[in-house]
Amino acid sequence: MSQEPRSASIPLWIFGLVALLVILLLVTFSGQQSAAGDASKNATAGAEIAQAATEGANTAATAQAQNSSNFDATATVLQGDVRQVMNAAATHSLATVQAESTRKAIAQAEQQQLVATVTANAELYAALLQTPIAAGTQQAQDMAATLDAVQAQASTIADSAATAQAQANLSMGRALDAESRLVAADIKNYPLTLLLGVQSSRFSGLNQPGSALWTAIDTYPEIAGFLDGSSDNVYAVAYSPDGKLLATGGGDSNVLLWDTTTHARVGLTLADHSGSIFTLAFSPDSKWLASAGSDGQILIWNVATGERKAPRLSGHTAAVETVAFSPDGKTLVSASQDATIRIWDVETGKQIGGNLYGPSGGLYYSLALSPDGSALAAGLQDGTIQLWGVADQTLARTFTNGHYQAIYSLSFSPDGKSLASASYDQKTIIWNVRDGTQRFDPIYDSAGVTSVQFSPDGKQLLTVGAQVTLTDLSGDYPTTLKTLTLPDLYLYKASYSPDGKTIAVTAGTNVILWQPDATGRFKKSLDADNRTVRAVAYSPDGTKIASASEVITLTLWDAATGEVAWTYDDPNNYGWESVAFSPDGTRIAAGNADHNVYIFDAATGKPVQTLSGHSSWVMSVAYSPDGTKIASGSSDSSVILWDAKTGTQIGDPLTGQTGDIWSVAFSPDGKILASASNDTTISLWDVETGKLIGEPLKGHSQAIYALAFSPDGKMLASAGNDLTIILWDTQTWTQIAQMPSGHSDSIFALAFSPDSKTLASGGADKTISLWDTSTHKAITQPFATEADWINSLAFSLDGKTLAAGIGSSQALAHETALYSLDAPDVTSLGCMLAGRNMTSEEWTRYVGDIPYQRTCPDLPVHFSVIEALGRKAEAAVQAGDANAAKTAYAQAAELTVGSLDARASNNVCWYGSLNGYADTVMPACNYATENAPSAANYLDSQGLARALTGDLQGAIADFQAFVDWTQAYGIFESERNLRLTWITQLTTGQNPFDADTLAALKDG
């Protein structure tokens, strides 16, 4: 697998050419503006010339009037002509006016020389006017033509650029699709597999069955999602009793809450611990959440507000391994490595009674309360289990001789009669609570078992060791039901959801949601048969599916629920080869290996007719569209037409083909019957006369196994052993297209969608493909990738589901399967399952130089992207590039807001402030403390930023919160003393943060 980064960007020479054209456009536009300015100036000059001409004409007219009254009319006319010249100049139409004015002036000049002189002056003025206007006009026209040419060229290049970008996106999408398939083999990479598929769809629009995304979503149908929010291993997980929330906690000291329906983070980050979280427990009413871990403190949180209930439950002097609420929620029990068990009053936070101790000061690693709250089981480091009475706090019983290493987990059965214990000695033991005896032999794992829990109904046992295991307890001895193997992921705890359908498993920094009974999102497997499913058919109303098994069962299924309506087993143990519904849905015809066709009542499943006439297996049956006839094709090389009402044979068998008849099909108008044979031909029969229509259709080079008429009657599809699909025109019976199918083995099944736009094919290569019947190209990548042959296909009435009959003589798999072809929003589902966006490293590795974007817009940016910007800013600081550092910190701070990652936000706040960009990173500081208001170390970072930006009172408050927190836990004494010094200095108006102090903090 290539790890080289790829880019979907347009080649640089295209951008250079576009830039050159843009410059040319700007120069042209500037020239056009200049020409327009020249034309305006010319028009102004023209107006002045015209005015002068008018004044000259008026003078000439006056002189003429004094010499002769005969010139009065002429002068008036001439004056009007010259005014026309002036008006025409204003409208840039002077050429026409000049010609007319000259003609009239010449005529008048024959009467008077003075008039000729005036006319000559007018022509001179007009010529002077016309020359600059004409030149400017021509220049503007030339510029406009150039501009049009450049714009056309730019448009062409822009179209080419858009096409190139689309092609680059498509290429990138296909590359990511391929990468998604490559990483899919390892379940720990499942989120990345999904994200690559989603991003492939974003680039290319390839979002159909057969794409990597669809394939990935259905690869692990039992994985309901990954919850990704921790920066360290997750050690604790708990469902709220109402089933609405899931709480997780681990090595990063934070507790996170998740919506169990959407898998989205909800509420605040609960961060007030100073060490790892080992245990979580909800109160019975789901209002409170208790957390505890390596710091020995027990905190109780208000789930709705995220506020910590005061006071802390303090008293343990070592790590608290387990806590549990009593059934009434009034008390809390805790077990610790300080060798004590303590019982607490939830309301007051005070301990009830004294400490419960193990033998010889043994360390406690686990505890469990009985369902009624009367008994408390506790597991110790040496493998001993104690059973205490809660009311009187007395030791009732000790279970020994079972384990020899630490008991990491305990669980009471729902009825309280059994107790399961899981030990690091690789054993799980189920005890009778009454007498301490073992119900079964120990259940062994190949690694230490760290978690055990009874299912809500008590019939199963959930354990975590080398893998996650479900064990059936309903029989005489435990039997393994299912396992979930997650190699290279640190497994620790698992918990059932209240309804028992989902199991939350801690796996490294993730929590994986496992639904063991899930069978597929896009594929629904109906109960597997015991032999190959040869044929499937939908009822005309789409509510039922009939499937025919080679040996020996004919089954009718409810298409919506998958429930069996009835089954009929061949009493002679031959088996069924074909099946078809009557058009009214009341009858089912089935071809049998005993050479007969059987007709069944579709409602009851009882046989009502037997049609005998063939001498070998009946490979295919079909009802005519009007329901009056049945056609059957047999391996005896004949086709028989039957009267559907009486069951009698119509005429002689239709013969002429020399091989097995694998498929028969009526045209939608019922006038033609097509039959496909081993002899590579298709025969067309006149249904009314039983005569052969023309010569057999030839085009295949090997046996033909499948035929299908399109519902619109325009096409007949055929396919078989030569791996080719041929579409035939039913008007001319010529080939429309011969399509290399992409299948790698024989094609056994063809089916048209109800709208005739899609053709489905399946066969011995165990895949299904979908084809566009207008373009004759594959719509999807081959999908379904089953464990055995695809023998038969049928579309549902709405075209959204495809039924398949699966199996072969190899007996690898036998089933009737339903495939969804119309998922509402596959990308959203992929994102929900992935639970995160790509990391910075993943984006660079698989996408390349394209700027990072959120593959899943509704999920926050991955914290690694924020961290990468922080490293970029630090490198800029080291290089002395202040602008680059500020830009990187500003980007990081912007991304932190809404990231739901208080830790990453805090890091940006702290290091940005130390490097001199406190004002720039202040949004990150504020977000960290808003998202995790109880986290004293985040308040400490914000205090530094506030002090550096002049908010001294805010800084004092933040530093004081940190001081109080360290005192409560008795930790970080030197850091506490330093903050106390800062508080004193800030209170007196001094600035404690000189360059040396900041450098020391940074180095520390």
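My aim in this report is to walk through the structure given alongside it, one point at a time. It should be emphasised that the depicted structure is a prediction, and the values quoted were computed from it without experimental measurement.

### Quick look at the packing of helix α11 (residues 902-914) against helix α13 (residues 936-948)
At their nearest, the axes of α11 and α13 sit 9 Å apart, and the two run at 30 degrees to each other. As α11 runs across α13, the sense of the crossing is left-handed. Judged by residue contacts, Ala902, Arg903, Asn906, Cys909, Trp910, Ser913 and Leu914 of α11 engage Asn937, Tyr938, Asp940, Ser941, Gln942, Leu944, Ala945 and Leu948 from α13. Looking at side-chain class alone, the contact of α11 with α13 contains 8 nonpolar, 5 polar and 2 charged residues.

### Examining the pattern of salt bridges
Throughout the structure, instances matching the rule amount to 19 salt bridges. The salt bridge partner of Arg903 is Glu867, with a shortest N-O separation of 3.2 Å. Within this pair, whereas Arg903 is found in helix α11, its partner Glu867 is found in helix α9 (residues 863-879), the two being separated by 36 residues in sequence. A residue is classified by how much of its surface remains accessible, and Glu867, at 26% relative accessible area, is partly exposed.

### Here's the deal with the sheet that holds strand β50 (residues 747-752)
Adjacent strands of a sheet pair through backbone hydrogen bonds, lying either parallel or antiparallel. Spatial strand order, β50-β51-β52: 3 strands in an open sheet with antiparallel pairing. This sheet does not close on itself; its edge strands, each paired only once, are β50 and β52 (768-772). Neighbouring strand axes in the sheet, compared pairwise and without regard to direction, differ in orientation by 20 degrees on average. In terms of strand pairing, strand β51 (residues 758-763) meets β52 through 5 bridges, oriented antiparallel. Within the sheet, the bridge partner assigned to Ala760 lies in β52 and is Leu770.

### Notes on the sheet that holds strand β3 (residues 245-250)
As summarised here, the arrangement of the 4 strands in space is β2-β3-β4-β5, forming an open sheet in which the pairing is antiparallel. Unpaired on one side and paired on the other, β2 (234-239) and β5 (265-270) mark the two borders of the sheet. Strand-to-strand twist across the sheet, computed as the mean angle between neighbouring axes with direction ignored, equals 15 degrees.

### Focus: the side chain of Ser211
Relative to the helices and strands, Ser211 is located in the loop between α5 (190-204) and α6 (212-219). The buried category is assigned to Ser211, whose relative accessible area is 4%.

### Here's the deal with the environment of Ala396
Among the secondary structure elements, Ala396 is positioned in strand β17 (residues 394-399). Put simply, Ala396 and Ala377 are 19 residues apart on the chain and 9.9 Å apart in space, counted from C-alpha to C-alpha. Every residue in contact with Ala396, bar those within four places of it in the chain, is listed here: Leu387 and Trp388.

### Brief notes about the pairing of strand β38 (residues 618-623)
The element β38 is largely enclosed, with a buried count of 6 among its 6 residues. Across 5 bridges, β38 lies against strand β39 (residues 629-634) in antiparallel orientation. Across the sheet, Val621 pairs through a bridge with Ser632, a residue of β39. Linking β38 back to β39 in an antiparallel pair, the connection comprises 5 residues, with Gly627 at a positive phi of about 80 degrees.

### Looking at helix α14 (residues 952-969)
The end-to-end C-alpha distance of α14, which contains 18 residues, comes to 26 Å, matching closely the 26 Å that a straight helix rising 1.5 Å per residue would cover. Along α14, the residues that are buried comprise Gly954, Ala955, Ile956, Asp958, Phe959, Phe962, Val963, Trp965, Thr966 and Tyr969. Contacts made by the buried residues of α14 are with β8 (298-302), β9 (308-313), α13 and α15 (973-987). Between the side-chain oxygen at the start of α14 and the backbone nitrogen of Gly954 there is a gap of 3.0 Å, and the oxygen is on Asp951. Gly970, located one to two residues past α14, shows a positive phi value of around 65 degrees.

### Brief notes about the packing of aromatic side chains
Under the criterion given, the structure shown has 27 aromatic pairs. Aromatic side chains Tyr365 and Tyr408 sit 5.4 Å apart centroid to centroid with 65 degrees between the ring planes, which places their arrangement in the edge-to-face category. With Tyr365 in strand β14 (residues 364-369) and Tyr408 in strand β18 (residues 407-412), the pair connects residues that are 43 residues apart, well separated along the chain. Residue class for Tyr365 comes out buried when judged on its relative accessible area of 12%. Taken together, the ring pairs in this structure connect Trp566, Tyr568, Trp576, Tyr598 and Phe600 into an aromatic cluster. Note that Lys493 overlies the ring of Tyr492, its terminal NZ or CZ placed 5.2 Å from the centroid. The ring of Phe863 carries the charged tip of Arg903 above its face, separated from the ring centre by 4.9 Å.

### A look at the state of the cysteines
As used in these notes, a disulfide is a covalent bond between sulfur atoms, one from each of two cysteines. In the structure shown here, the tally under the stated rule is 2 disulfides. There is a disulfide in this structure between Cys831 and Cys856, and the S-S distance comes to 2.0 Å. Judged by the torsion about the S-S bond (-90 degrees), the Cys831/Cys856 disulfide is left-handed. Taken together, the residues span a long stretch of sequence, with Cys831 in helix α7 (residues 826-834) and Cys856 in the loop between α8 (840-846) and α9 at a distance of 25 residues. Accessibility assignment for this pair places Cys831 and Cys856 in one class, buried. In this model Cys909 forms its disulfide with Cys925; the gap between the sulfur atoms is 2.0 Å. Handedness of the Cys909-Cys925 disulfide follows from its S-S torsion of about 100 degrees: it is right-handed. Residue Cys909 is found in helix α11, and its partner Cys925 is found in helix α12 (residues 918-931); the two are separated by 16 residues along the sequence. In terms of burial, Cys909 and Cys925 fall into one category: buried. Take the cysteines of the protein chain that form disulfides and number them in order along the sequence; they join up as 1-2, 3-4.

Definitions and cut-offs
- Residues numbered from 1 in each chain as written.
- Predicted model: local features only at pLDDT ≥ 70, side-chain atom pairs only at ≥ 80, totals over all residues.
- Heavy atoms only, no water.
- Axes fitted to C-alpha atoms, helices over the stretch in contact; angles between N-to-C directions.
- Helix = DSSP H or I, 4+ residues; strand = E, 2+ residues; numbered from the N terminus.
- Left-handed = near helix turned anticlockwise from the far one by under 90°.
- Contact = heavy atoms within 4.5 Å.
- Nonpolar A, V, L, I, M, F, W, Y, C, P; charged D, E, K, R; others polar.
- Salt bridge = Lys/Arg side-chain N within 4 Å of Asp/Glu carboxyl O.
- Buried < 20%, exposed > 50% of the residue type's maximum accessible area, 1.4 Å probe, protein only.
- Pairing = 2+ DSSP bridges.
- Expected span 1.5 Å × (residues − 1).
- Polar contact = N/O pair within 3.5 Å; in protein donor to acceptor, adjacent residues only side chain to side chain.
- Phe/Tyr/Trp six-rings, centres within 6.5 Å; stacked < 30°, edge-to-face > 60°.
- Lys NZ or Arg CZ within 6 Å of the ring centre and 35° of its normal.
- Disulfide = S-S within 2.5 Å.

Scope: geometric values only; no functional claims are made or implied.
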